[in-house]
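Below, each chain spelled out in residue letters.
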Amino acid sequence: MSTENTLDFDVAIAGGGVNGLACAAVLAREGLSVCVVERNPWVGGGAVTREVTLPGFRHDLFGSSHVWIQCNADFKAIEPELRSYGLEYLAPTDHITGHPDRSGGPGIVIHRSIDKTCASIARYSERDAQRYRSIHDSFTAVKDGFLKAFFSPPSPPSTLARALETSHSGLARLQEFSLSARAWVERHFENDFIKAVMLNWALAPQVLPDQEGAGQSFYIMIPAIHVFGQAIPKGGSQELPNAMAKYVSAHGGAVLTGTPIDRILLKDGRATGLHLADGRVIRARRAVVSALEPKQTFLKFVGREHLEEDFIDKVEGYSFGRISICRVHLALSEAPRFTNGADMSACLFHRIVDSSEQMTRFYAELSMGIPPSDPFLWSACWTLLDPSRAPPGQHTLILDTFVSNWLADGRRWEDYGPEYVENVLLPKLRQYAPNITNEKILGRYVETRESLEAANPSFVDGTTNGGERIAAQLGYFRPFPGYAHYRSPVRDLYMTGPHCHPGGGISAMGTITARVMLDDFGLKQIGRAHV
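Residues numbered from 1 in each chain as written. Predicted model: local features only at pLDDT ≥ 70, side-chain atom pairs only at ≥ 80, totals over all residues. Heavy atoms only, no water.

## Remarks on the overall build of the chain
Part 1 of the reasoning: Broken down by element type, the chain carries 17 helices and 18 strands.
Part 2 of the reasoning: The C-alpha atoms of the chain give a radius of gyration of 23 Å, which matches the 24 Å a tight globule of 531 residues would have.
Part 3 of the reasoning: Each principal axis of the C-alpha distribution contributes one length, and for the chain these read about 70 × 60 × 50 Å.
Part 4 of the reasoning: Looking at the chain as a whole, 58% of its 531 residues qualify as buried.
Part 5 of the reasoning: Of the roughly 20,100 Å² of accessible surface on the chain, a fraction of 51% belongs to carbon and sulfur atoms.
Part 6 of the reasoning: Where the 53 positive side-chain charges of the chain centre and where its 58 negative ones centre are 4 Å apart. (Helix = DSSP H or I, 4+ residues; strand = E, 2+ residues; numbered from the N terminus. Rg over C-alpha atoms; globule rule 2.2 N^0.38 Å. Buried < 20%, exposed > 50% of the residue type's maximum accessible area, 1.4 Å probe, protein only. Areas by Shrake-Rupley, 256 points an atom, 1.4 Å probe, with all protein chains shown as cover. Lys, Arg positive; Asp, Glu negative; His and termini not counted. Charge placed at Lys NZ, Arg CZ, Asp CG, Glu CD.)

Here it is as structure tokens:
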């Protein structure tokens, strides 16, 4: 029974990001009482929208593109009710991503239409356009299997090899999957600008160009944008977790913000609740879920004394990588106008890269702790689709690039970031969109390693992908060998978040953890159909 200092629920969840809330929503839909606790005064985790430049300009601080969540069957099942709590997705019907070109070419526009996209690519290379189409078309045969694998506990690493090793075509595909992103691009495309565009696209999850095993990503990322689109919530990414929190509360749960925990409670080797920093206790009759990164969860909140040495070694060895971002949020008096014309300017999102040579130099500097001297850029002007995010006639813009989360000369990014934005990022943008002068910039807010981790301790060392995406930390090995099915070594303590399969991005993968739990509780079977 709940008292003033003790609250009783079926399940307690530490961390009110999208994944923690998605887990809570699925459990609540099945009739369980769930309490989600979040240290920040707001929910959202990596999906947060705030006015950080000027009043009336709503900026998505971290995650902003909602692609993978659109193919999550469990999310789609609750989306109709989420709409009643303020969630409304907007999606471009034509222009999706622009790849401007300042070397004299027309640039490439990724349209929702595969035909229009291939026509854009064909202006550089007809052969490359045909190759792009063949990759897109091959998705039809694997779509259902991909969705099931993406939103289910991962299969053993031998599963894919066993499925493909029985034929010459299967072995050829398995070899391609094993290639690095750079090797795959070199094998399949002929035009240098298209190679740079495809390589830049593939490295978005913070993988490295010569990291083996990235080849398979092309067979998903290329068709996915055409099949599932690139939706954004009206009003900002924050509207997704806000709606989920209201859903949980409406289904008999509670979401507590401004409520840090100081430990996960254990009794007889079982997780029994959360002890809050203010002295209150959330008791969990059935289970506890941590949506926090594993080093916080196990070393800080569970405690080494409750864990075996070999598991502690796994936690301590978990790698978050060395890649962070330097990002500036801009309040603008007008949207960027790209030199490649109206089609390019109509895109909400741009990947700006010059050449393969630029990419090689960029990652060389990154590896040495040197701020990239000629960076590729990513930019997003979501107000072109959602004018509610800025005052009438004005716009927001996200502009960023990857940087190492350490600097060889000993400087701190929080000190150097504003200078880097002014002297490197903005001049680079103006090579493609010269109208974005300082006079058009009404306000700015710079985000770097230090501010990222301060905003969310799960952005360890300023990394934002939940853990390095290397072969040793993917699928059956994520986050640790033997613990990829969302169950921890502590009985009734479950894991969810980007450190678990399928990794980072706004996918609401907490639904997978919820289905594992429901199966363990004997309330629902995991192996159901996906849309």
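After that view, the rundown keeps rolling.
## Some points on the packing of aromatic side chains
Part 1 of the reasoning: Throughout the structure, instances matching the rule amount to 28 aromatic pairs.
Part 2 of the reasoning: Judged by centre distance (5.9 Å) and plane angle (75°), the rings of Y318 and F480 are edge-to-face. Here Y318 is found in the loop between α12 (309-316) and β13 (323-332), whereas its partner F480 is found in the loop between α16 (449-455) and β18 (493-495), with 162 residues between them in sequence. By the burial criterion, Y318 is buried, and F480 matches it.
Part 3 of the reasoning: Following the ring pairs from residue to residue traces out a cluster consisting of W68, F139, F146, F150, F151 and F228.
Part 4 of the reasoning: Between R411 and the ring centre of Y416, over which it is positioned, the NZ or CZ distance is 3.9 Å. (Phe/Tyr/Trp six-rings, centres within 6.5 Å; stacked < 30°, edge-to-face > 60°. Lys NZ or Arg CZ within 6 Å of the ring centre and 35° of its normal.)

## Let's talk about the pattern of salt bridges
Part 1 of the reasoning: Applying the stated criterion across every chain yields a total of 32 salt bridges.
Part 2 of the reasoning: Residue R127 pairs with D128 through a salt bridge whose shortest N-O separation is 3.7 Å.
Part 3 of the reasoning: The buried category is assigned to D128, whose relative accessible area is 0%.
Part 4 of the reasoning: Between R449 and D461 there is a salt bridge, with its nearest N and O atoms 3.1 Å apart. (Salt bridge = Lys/Arg side-chain N within 4 Å of Asp/Glu carboxyl O.)

## Some details on the state of the cysteines
Part 1 of the reasoning: Under the counting rule described, the total for this entry stands at 0 disulfides.
Part 2 of the reasoning: For C326, which is in no disulfide, the shortest distance to another cysteine sulfur is to C381 and amounts to 19 Å.
Part 3 of the reasoning: By relative accessible area, which is 0% here, C326 ends up buried.
Part 4 of the reasoning: Left without a disulfide partner, C500 is nearest to the cysteine sulfur of C23, which lies 10 Å away. (Disulfide = S-S within 2.5 Å.)

## Notes on the environment of F75
Part 1 of the reasoning: Note that F75 resides in helix α2 (residues 73-83).
Part 2 of the reasoning: Assessed through its relative accessible area of 1%, F75 is described here as buried.
Part 3 of the reasoning: Here the alpha-carbon distance between F75 and A508, two residues 433 residues apart in the chain, equals 7.1 Å.
Part 4 of the reasoning: Excluding residues within four positions of it along the chain, F75 makes contact with I69, L82, L87, Y89, L240, M244 and T511. (Contact = heavy atoms within 4.5 Å.)

## A word on the environment of D343
Part 1 of the reasoning: Along the chain, the position of D343 falls in helix α13 (residues 342-345).
Part 2 of the reasoning: Here D343 falls in the partly exposed class, since its relative accessible area comes to 44%.
Part 3 of the reasoning: Taking the C-alpha atoms as reference points, D343 and I108, separated by 235 residues in sequence, lie 9.4 Å from one another.
Part 4 of the reasoning: The residues contacting D343, other than those within four sequence positions of it, are H95 and V109.

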